[in-house]
Amino acid sequence: MAEHLLEVSNLKKYFPTKDGILYAVDDVSFAVDKGETLGLVGESGCGKSTTGRAILRLHEPTAGTVLFKGDDIVRYSKKQLKEIRKDMQIVFQDPYSSLNPRMDVRHLIEVSLEINGVHDANERLERVKEVMDVVGLEQRLLNSYPHELDGGRRQRVGIARALILNPSFIVMDEPVSALDVCIQAQILNLLMKLQEKRGYAYLFISHNLSVVKHISDRIAVMYLGKIVEMSTYDELFRNPLHPYTKALLASIPIPKLNRKRDKLILSGDVPSPINPPPGCRFRGRCPYAKQICGEAEPVLRKVGDTQVACHLYD
Amino acid sequence: MENSTILEIKDLSVSYTSSNKEIKAVRGLDLAIRQGETLGLVGETGAGKTTTALSVLRILPEVSSSIKSGEIMFEGRDILTLSRKEMREIRGRDIAMIFQDPMTSLDPVMTVGRQIEEMISLHTDCDKKELRSRAEAMLEVVGIRKDRFDDYPHQFSGGMKQRVGIAIALSCNPKLLIADEPTTALDVTIQAQVLNLMNQLKEKYRTAMILITHDLGVVAEICSSVAIMYAGQIVEYGSIEQIYGNHMHPYTEGLFDSIPDIEEEKSELKVIDGLPPDPSALPAGCSFSPRCPYATDRCGESCPDDVQVEPGHIVKCILAGKK
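Residue positions are given per chain, counting from 1 as you read along its sequence in written order. Each chain gets a letter, beginning with A, and each ligand a number, beginning with 1, in the order they are written. With the structure being a predicted model, the display of local features is reserved for residues of pLDDT at least 70 and the display and counting of side-chain atom pairs for 80 or more, all residues being used for whole-chain, interface and lining totals. Side-chain calculation: all heavy atoms of the structure are included, whereas hydrogens and water are not.

A. Region of interest: the packing of aromatic side chains. All names here are of chain A. Under the pairing criterion, centres of Phe, Tyr and Trp rings, with the six-membered ring standing for Trp, must be within 6.5 Å; the plane angle then separates stacked pairs below 30 degrees from edge-to-face pairs above 60, leaving the rest tilted. Applying the stated criterion across every chain yields a total of ten aromatic pairs over all chains. Considering the side-chain rings of F68 and F169, the 6.4 Å spacing of their centres and the 55° angle between planes classify their relative orientation as tilted. In this pair, F68 sits in strand β4 (residues 63-68) while F169 sits in strand β7 (residues 169-173), placing the two residues 101 residues apart along the sequence. Whether a residue is buried, partly exposed or exposed follows from its accessible area with a 1.4 Å probe, protein chains only, as a fraction of its type maximum: under 20%, in between, or over 50%, in that order. For F169, a relative accessible area of 0% puts it in the buried group. In this scheme, the term charge over a ring applies when either NZ of a lysine or CZ of an arginine sits within 6 Å of the ring centre and within 35 degrees of the ring normal. The ring of F237 is capped by K213, whose NZ or CZ atom sits 5.4 Å from the centre of that ring. By the criteria applied, helices consist of DSSP H or I runs no shorter than four residues and strands consist of E runs no shorter than two, each listed in order from the N terminus.

B. The arrangement of the pattern of salt bridges in detail. Salt bridge, as applied in this entry: a Lys or Arg side-chain nitrogen positioned within 4 Å of an Asp or Glu carboxyl oxygen. One pass over the full model with this rule turns up 34 salt bridges over all chains. A salt bridge links R124 of chain A to E110 of chain A; its shortest N-O distance comes to 3.2 Å. Here E110 of chain A lies in helix α3 (residues 105-115) and R124 of chain A lies in helix α4 (residues 121-135), a separation of 14 residues in the sequence. Judged by relative accessible area, R124 of chain A falls into the buried class, the value being 9%. A salt bridge links E268 of chain B to K193 of chain A; the shortest N-O distance between them is 3.8 Å. In this pair, E268 of chain B is assigned in the loop between α10 (250-258) and β11 (307-310) and K193 of chain A in helix α6 (residues 181-198), connecting two distinct chains. For E268 of chain B, a relative accessible area of 53% puts it in the exposed group.

C. Representation of the sheet that holds strand β1 (residues 5-18) of chain B in the model. Residue and element names in this part refer to chain B. The sheet built from four strands is open, its strands ordered β2-β1-β4-β5 with antiparallel pairing. At either end of the open sheet lies a strand with only one pairing partner, and these are β2 (21-34) and β5 (77-78). Pairing of β1 with strand β4 (residues 65-74), which is carried by eight bridges, proceeds in the antiparallel orientation. Pairing of S15 across the sheet is with S66, part of β4. When DSSP finds at least two bridges between two strands, those strands are taken to pair.

D. Summary view of the sheet that holds β11 of chain B. Residue and element names in this part refer to chain B. Pairing within the open sheet is mixed, and its eight strands lie in the order β6-β7-β8-β3-β9-β10-β12-β11. Edge positions in the sheet fall to β6 (95-98) and β11, since each of these pairs with one other strand and no more. Within this sheet the neighbouring strands show an average axis-to-axis angle of 20°, counted without direction. As paired strands, strand β3 (residues 38-42) and strand β9 (residues 225-230) are joined by four bridges and run parallel to one another. Its bridge partner lying in β9, L39 is registered against S225. Lying on the sheet, α10 is in contact with β3, β9 and β10 (233-239); it crosses β9 at an angle near 100°. Angles here are taken between N-to-C directions and fall from 0 to 180 degrees, while the axes themselves are lines fitted to C-alpha atoms, restricted in helices to the stretch in contact. In this analysis, two residues are considered to be in contact whenever any of their non-hydrogen atoms come within 4.5 Å of each other.

E. Quick look at α3 of chain A. Taken residue by residue, α3 of chain A has V105, L108, I109, E110, S112 and L113 of chain A as its buried positions. Elements in contact with the buried residues of α3 of chain A: α4 and α5 (151-163) of chain A.

F. Examining the interface of chain A and chain B more closely. In this assembly, 41 residues from chain A lie in contact with 41 residues from chain B. Buried area: the accessible surface (1.4 Å probe) lost by two parts on joining, summed over both. Taking both sides of the interface into account, the surface hidden between chain A and chain B amounts to around 3,600 Å²; carbon and sulfur atoms contribute 58%. The tally of links between chain A and chain B comes to two salt bridges. N or O atoms within 3.5 Å of each other form a polar contact, as long as, within protein, one can give a hydrogen and the other can take it, and as long as residues adjacent in sequence are counted only when both atoms are side-chain atoms. For the pair chain A and chain B, the interface holds ten residue pairs in polar contact (both at pLDDT 80 or more). Taken together, the elements giving at least two residues each to the side of chain A that touches chain B come down to α6, α7 (209-215), α8 (233-238) and α9 (243-251) of chain A. If you tally residues by element for the side of chain A that touches chain B, the top one is α6 of chain A, at nine residues. When its residues are assigned to classes, the side of chain A that touches chain B shows 19 nonpolar, ten polar and twelve charged. All residues other than Ala, Val, Leu, Ile, Met, Phe, Trp, Tyr, Cys, Pro, Asp, Glu, Lys and Arg, Gly among them, are scored as polar; the first ten of these are nonpolar and the last four charged.

Shape descriptors only; they carry no functional weight alone.
Here it is in structure tokens:
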């Protein structure tokens, strides 16, 4: 079997709280190949951001392995980790709070070069200018501060910071969610062009299914810390299997009139990830729940080309 | 009196002042809404959608903003000429508002039931018992069990809090409801629940509604007419069929093209280059012309007039109907 660029196996991240253990990410496995985008979708609190961060060890995983280029980085020392992070980067959701307001654009972008031993200021400046070109930031903005930039340009700075070390894998944590649709479209086009040119692999985290479908090759759907379905982008939309995926797809407001759609509107809210219900975690909101759903936890299994965790497909 | 006009805004202009610069947030806006109609007010951040809504309720920040011109006719009276006392009577009773963020628009130290009662008690003289029963009934209307009357907002999820917001807004059976991005802070499955609820209530009470949103998908689910705003002006206005089936303004076209289509194969998104203009330094002529792919020299000279291309379909563009 060919080696994947990133292979996550049985990843768990639990947080202790005063009310009990919060199972943010609970036994999640997937792989991402070079030049590929895996979309990770789900609602607030389903564990998608925590997954992204645990992979980079911004949160220490509770259990599981993260093989990056064949090596388990969960066991890396701090020094090894610093080295490997040049190759694994992250773009954060909110370009308003993820940039230091007291650094100008040049400093924001070059700081990671500095940390990683590029001591020649001229070389750094050249590389900053180069990456600004790549992400479509005008050179005149070199000495601007974040508050002088609009949201789209700020997010371009965030992307430039991630690209400057030329990584092979980037976690995109809701990179367009804080942007207006027109700016969002500009950034999506940029990310796709960059991937085509440079072969980056993305883990693209978002709650917006239209955006995820647009950018992803494969999509994983998360619910309460678990992946409930994983498939190629077209198969997932054409033939969703898990009832939760079906409901998610049916909930997307589509800017067209007179469409005939099955309206599957879920009742209730997502339960708390602290002490989740036994059996299937979606059971309480699932219109097809059977007795077995309360007894045994469904595991991901292959149905056609899709992987799904649901007792309907036993 | 079926389908009579409830609200008519004529030539409204609102400006803010910031470091001695005049920021023109709304510029010469005309709008009318009839009973039972749901108007979607669509645009990007800074287009002037919320400023328009705050003007109707007269809750603009008094120090930094001023209404430069215009009339807001509500039931034959110009809202802008009313006294504070008269305005207080209208707010909540005749015109109510649902705010974007249910996490911050509810009072955290008051039970949700009491917050609904407060609205009712301001506008009626119910006794205590009747107040409670009316507030409980409102909770049930929005799908919350009445035994949660004495719970506080932090005990509710985001979707439930927004339901409380809707219950408060509808508690006095207003004639006009202004909903400012009511589902933007919610997850999609919860958004679908809330939109569904709003659709049911709209039919039941025949309340006229202005829905402010940036999401053309939400508009398609719930609105009967649409106004597209750009840089403080309405650039296109029409029925939902006219806007979704036959939009004519280049900005409207750009907005639709920017949204990834989940029903079609992917391709590169068509984007509008550049950014909306700085509202304190607007370009001459048509404010969209610097970004418009069809712009001609004439576009930079004077602000285009409204062109009626069909009954009820208005486009602010010199190319309207000529392309």
